[in-house]
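Coordinates in review
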Amino acid sequence: MTKYIFITGGVVSSLGKGIIAASLGKLLRARGFSVINQKFDPYINVDPGTMSPFQHGEVFVTDDGAETDLDLGHYERFTDTSLGKVNNVTSGSVYQHVIEKERRGDYLGATVQVIPHITNEIKSRIVGATKQFKPDFQLIEIGGTVGDIESLPFVEAIRQFKTEAGIGNAISIHCTLLPYLPTSGELKTKPSQHSVNVLRSYGIQPEILVCRTTKPIPKTEKEKLALFCSVNKDAVIECRDMKSIYEVPLALEEQNMAKVVLTMLGVNDRRADLKGWISLVENIKNPKKTIKVAIAGKYTKLSDAYISVVESLKHAGYAANAAIDIKWINSEDCVDFNRCKELMSDVDAVVVPGGFGIRGIEGKLNVIRYARENNVPFLGLCLGMQCAVIEYARHVVGIKDANSAEFDENAQHPVIDLMLEQKNVQAYGGTMRLGAYDCVLKKGSVVYNAYGKEKISERHRHRYEVNNEYIKPLTDAGLVFSGMSPDGMLAEIVELPKLDWFVASQFHPEFKSRPEHPHPLFKGLINAAAKRVK
Ligand code: GLN
């Protein structure tokens, strides 16, 4: 029988609840239990696919083609478990479904209300995920902060669910912040007490408190929190700021968090196998060198917009005993080729990530040209691959006005064109080519050697593709199409095998890199870059 763990947050937002939920998931996985994480987002968007990366950070794509919250990326990376559509629930998707049912007449004349109709739908999403994955543990994180108007239906649904599940089958963890007052030299517990009071006013008594803090929590303050918040002393867990998010599971393990959880849920504890994770953290803490990697994109002001790319680079760095120093390059600053040269002069590798729209494109083309002409290890992702093809067409094949139909609908030479299946698509939400598709690698190619196999599956999120009419001239000029869809119709990877590392993919490898299993394409990039660093 699945056991349920609900995770809420209080005092402030951005507490890192996602990392805490993912870390607890890791500790349970290390004990051989199966675990899934679920994220409930109280906003009205049906999914984050249409939201600006500046506002919401990266859109994480699952195998089954869901556009989800970036926390799902953390869950997958920490628990090494692939999730799907059912793992991200938004108010928008809940209301959409309830309203569709109302329009169909499914409610047989009843007045449709938040309680019970919306809360029932939320509870059915919990059970739906349980049925699909049949996990030993299901960890459900509610986005936002308790007390927000928006998240009330979710909090009420948890209250009902916990009661219905019965004692010992569901617990809740409340994450809070202990602010430090330098004037009195103290960590303050009052905001946490108030936040627990708010949660209680909704009928939920948390079993565990996880307190974010910059300083160790003195025993007296832990006791105070336990007393006023009615939790066991062992269940007040400290979560201090760490250099790397991957240290968090070990810090929680030291405080026996998983053991406390298992006892509360009446499950016998097992030996945790954290050997791999411990050596990962050792590598993170003791890098032998530093590799400077540029990310040239347009959302560089918010690093969350490329979080999976950044994590994937780090994963490859850990395996190479190297720290990754990211140099954010705003592609718009590279429109002038001389400025581009300057910005690129001190980097060991460059990634041109995914994106949408024309802004900054000429700069990206310059970055890729510089990388190609100077043999700087390069990885292009989705839009980055499309730009690599345009750059090659323009400067090597000699098609001066080669372009993407995304940037110029009437381009004379659309080397990148809208996919046929997209021609009649009107709505924006959830309509791209999304999720896992197979790709066949060319034997003997750079990527074939990197993956060590012929058939791979990777995640996608795009509307445009390489125009097959240009494959011949591009190939004749030396660009190798080393990955194609199984029917040979869609270009998935291009490479320049003569260079140290010049690979670009239509798919997003960053969604499948895991800290203990870095992705082959990122490994290839970082290993090539490492050779340049003394
Ligand atoms: N804008 C491009 C397309 O839709 C690339 C998308 C992306 O980078 N995710 O095909």
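Residues numbered from 1 in each chain as written. Predicted model: local features only at pLDDT ≥ 70, side-chain atom pairs only at ≥ 80, totals over all residues. Heavy atoms only, no water.

**Observations concerning the site of the ligand**
Quick reminder of the rule: Residues are classed as near a molecule or strand on a simple rule: at least one heavy atom within 4 Å of it. Within 3.5 Å is the distance limit for a polar contact, defined as a pair of N or O atoms, with the added protein rule that one can donate a hydrogen and the other accept it, and that residues adjacent in sequence qualify only through two side-chain atoms. Here a cavity denotes grid points, spaced 1 Å and computed from the protein atoms alone, that fit a 1.4 Å probe unable to get out, and a pocket denotes an open set having protein on both sides within 12 Å along at least 5 of 7 lines; residues with an atom within 4 Å of a point are the lining. To be counted as sitting in a cavity or pocket, a molecule needs more than half of its atoms within 2 Å of that site's grid points. Put simply, DSSP marks the helices as runs of H or I at least four residues long and the strands as runs of E at least two long, and each gets a number from the N terminus on. Ten residues, namely Ala, Val, Leu, Ile, Met, Phe, Trp, Tyr, Cys and Pro, are considered nonpolar, four, namely Asp, Glu, Lys and Arg, are considered charged, and the remaining ones, Gly among them, are considered polar.
In the region of the ligand, the neighbouring residues are Gly354, Gly355, Phe356, Cys382, Leu383, Gln386, Glu406, Arg461, His462, Arg463, Tyr464 and His508. Between a nitrogen atom of the ligand and a side-chain N or O atom of Glu406, the distance comes to 2.8 Å. At a separation of 3.2 Å, a nitrogen atom of the ligand approaches a polar side-chain atom of His508. Given that more than half its atoms are within 2 Å of the pocket grid, the ligand belongs to the second largest pocket. Of all the elements in the fold, those that place two or more residues in the shell around the ligand are helix H15 (383-397) and strand E19 (455-462). Per-class residue counts for the shell around the ligand are four nonpolar, five polar and three charged.

**Overview of the packing of aromatic side chains**
Applicable threshold: Here a Phe, Tyr or Trp ring, Trp counted by its six-membered ring, pairs with any other such ring whose centre lies within 6.5 Å, and the pair is stacked when the planes are under 30 degrees apart, edge-to-face when over 60, and tilted otherwise. Relative accessibility decides the category of a residue: with a 1.4 Å probe and only protein chains considered, values under 20% of the type maximum give buried, values over 50% give exposed, and everything between is partly exposed.
Following the criterion strictly, the structure yields 13 aromatic pairs and no others. Summarising the aromatic geometry, the rings of Phe6 and Phe161 are spaced 5.8 Å apart at their centres and angled 75 degrees between planes, so their arrangement reads as edge-to-face. Of this pair, Phe6 sits in strand E1 (residues 3-9) while Phe161 sits in helix H6 (residues 152-165); the two residues are 155 residues apart in sequence, bridging distant segments of the chain. Across this residue pair, the class does not change: Phe6 and Phe161 are buried.

**A look at the environment of Asn375**
Short version of the rule: In what follows, residue pairs with any heavy atoms lying within 4.5 Å of each other are defined as contacts.
Within the secondary structure, Asn375 sits in the loop between helix H14 (361-374) and strand E15 (378-381). Given a relative accessible area of 24%, Asn375 falls into the partly exposed group. Residues Asn375 and Lys215 lie 160 residues apart in sequence; the distance between their C-alpha atoms is 46 Å. Apart from the residues within four sequence positions on either side, Asn375 is in contact with Leu499, Asp500 and Arg532.

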